[in-house]
Amino acid sequence: EAGVAQSPRYKIIEKRQSVAFWCNPISGHATLYWYQQILGQGPKLLIQFQNNGVVDDSQLPKDRFSAERLKGVDSTLKIQPAKLEDSAVYLCASSLGTRSSYNEQFFGPGTRLTVL
Amino acid sequence: AQSVTQPDIHITVSEGASLELRCNYSYGATPYLFWYVQSPGQGLQLLLKYFSGDTLVQGIKGFEAEFKRSQSSFNLRKPSVHWSDAAEYFCAVGEYGNKLVFGAGTILRVKS
């Protein structure tokens, strides 16, 4: 079974530029998550999708971050314009998403963003 | 709000020695608890989880963890560490809606 795919793996941009990350979840997983992991910290949830609807985006800086999950499969996370403090690893995860029990989240390898 | 504390930022152990990584959580109800491992350049891999039942849970790679409600702890243990165990370890608590709240992580170094 293929895991969660993310691209690119690394990205270096200058502040005020825009950047986009792509995630392809495990086939059949209804729930998709984007996490931000700043160096020295644990991952922090940015946004959670159930199919193509947003479940929780309370910690997403909406003035500069946006995310979409068209057709309930792939997802993109965009930052525009980027700030120095956005330098982090962006992790995508997916889970089955049924409501009957807690479902394990499977993580992709992440995209390491450096903002200069 | 739920929170997870991992008191040790770095831990160094000798290969073959035993290991214990500490985790304390703050959660109002019975928690779902997890330990993940992250090797450099890799995503997070689930080591083990506690939902209910036996408070000593076994995971992959020879790891185990014990849930102690009275101490709000979920410490990770391994009786004999291998060099390949060097990585960063994250404790997490599951929130309603299948969300995870992570601790800051503990970096494990293994010396030969």
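Here the structure is shown first, and the text comes after it.
If you're wondering where the values come from, they're calculated on a predicted model, not measured in any experiment.

A. Local environment of the pairing of strand β5 (residues 32-38) of chain B. Residues and elements named next belong to chain B. In terms of burial, β5 is a largely internal element, 6 of the 7 residues being buried. Where β5 lies against strand β10 (residues 87-95), 7 bridges are found, and the strand directions are antiparallel. Across the sheet, Tyr36 pairs through a bridge with Phe90, a residue of β10. With 6 bridges connecting them, β5 and strand β6 (residues 44-50) associate as antiparallel partners. By the bridge assignment for β6, Val37 is matched with Gln45. Hairpin connection between β5 and β6: a loop of 5 residues separates the two successive antiparallel strands, and Gly41 in this loop has a positive phi of roughly 75 degrees.

B. How the structure looks around the pattern of salt bridges. Overall, the coordinates contain 7 salt bridges over all chains when judged by the stated rule. With a closest N to O distance of 3.7 Å, Asp57(A) and Lys62(A) form a salt bridge. On the accessibility criterion, Asp57(A) (26% relative accessible area) is partly exposed. Residues Arg77(B) and Glu66(B) are paired through a salt bridge, measuring 3.2 Å at the closest nitrogen-oxygen approach. Placement of Arg77(B) in strand β9 (residues 73-78) and of Glu66(B) in strand β8 (residues 64-68) is noted, with a sequence separation of 11 residues between them. Overall, Glu66(B) belongs to the partly exposed group, its relative accessible area being 22%. One continuous salt-bridge network, built from bridges that share partners, spans Glu64(B), Glu66(B) and Arg77(B).

C. Geometry of unusual backbone geometry. Put simply, Ser7(A) and Pro8(A) share a cis peptide bond, and its omega is -10 degrees. Mapped onto the fold, Pro8(A) is located in the loop between β1 (5-7) and β2 (10-13). Here the phi dihedral of Ser72(B) falls at roughly 50 degrees; this positive angle occurs in a residue that is not glycine. Among the structural elements, Ser72(B) can be located in the loop between β8 and β9. Under the relative-accessibility criterion, Ser72(B) is labelled partly exposed at 27%.

D. Representation of the packing of aromatic side chains in the model. In this structure the tally under the stated criterion is 16 aromatic pairs over all chains. Ring geometry for Phe63(B) versus Tyr89(B): centroids 5.6 Å apart, planes at 45 degrees, classification tilted. Taken as a pair, Phe63(B) in the loop between β7 (56-58) and β8 and Tyr89(B) in strand β10 lie far apart in primary sequence, 26 residues in all. Of the two residues examined, Phe63(B) and Tyr89(B), each falls in the buried class. Taken together, the ring pairs connect Tyr33(A), Tyr35(A), Phe107(A), Tyr32(B), Phe34(B), Tyr36(B), Phe51(B), Phe90(B) and Phe102(B) into an aromatic cluster.

E. View of the environment of Asp57(A). Relative to the assigned elements, Asp57(A) resides in the loop between β6 (53-56) and β7 (65-68). Through-space distance from the C-alpha of Asp57(A) to that of Tyr35(A) is 11 Å; in sequence the pair is 22 residues apart.

F. Region of the structure containing the state of the cysteines. For the structure on display, the rule yields 2 disulfides over all chains. There is a disulfide in this structure between Cys23(A) and Cys92(A), and the S-S distance comes to 1.9 Å. As the torsion about the S-S bond is roughly -70 degrees, the Cys23(A)-Cys92(A) disulfide counts as left-handed. Taken as a pair, Cys23(A) in strand β3 (residues 19-24) and Cys92(A) in strand β9 (residues 88-95) lie far apart in primary sequence, 69 residues in all. For the residue pair Cys23(A) and Cys92(A), the accessibility class agrees, reading buried in each case. Bridging Cys23(B) to Cys91(B), the disulfide has an S-S length of 2.0 Å. Residues Cys23(B) and Cys91(B) share a disulfide whose torsion about the S-S bond is about -65 degrees; that sign makes it left-handed. Of the two residues, Cys23(B) is situated in the loop between β3 (19-21) and β4 (24-26) and Cys91(B) in strand β10; the sequence distance between them amounts to 68 residues. Since its relative accessible area comes to 0%, Cys91(B) is described here as buried.

The rules behind these values
- Residues numbered from 1 in each chain as written.
- Chains lettered and ligands numbered in written order.
- Predicted model: local features only at pLDDT ≥ 70, side-chain atom pairs only at ≥ 80, totals over all residues.
- Heavy atoms only, no water.
- Buried < 20%, exposed > 50% of the residue type's maximum accessible area, 1.4 Å probe, protein only.
- Helix = DSSP H or I, 4+ residues; strand = E, 2+ residues; numbered from the N terminus.
- Pairing = 2+ DSSP bridges.
- Salt bridge = Lys/Arg side-chain N within 4 Å of Asp/Glu carboxyl O.
- Phe/Tyr/Trp six-rings, centres within 6.5 Å; stacked < 30°, edge-to-face > 60°.
- Disulfide = S-S within 2.5 Å.

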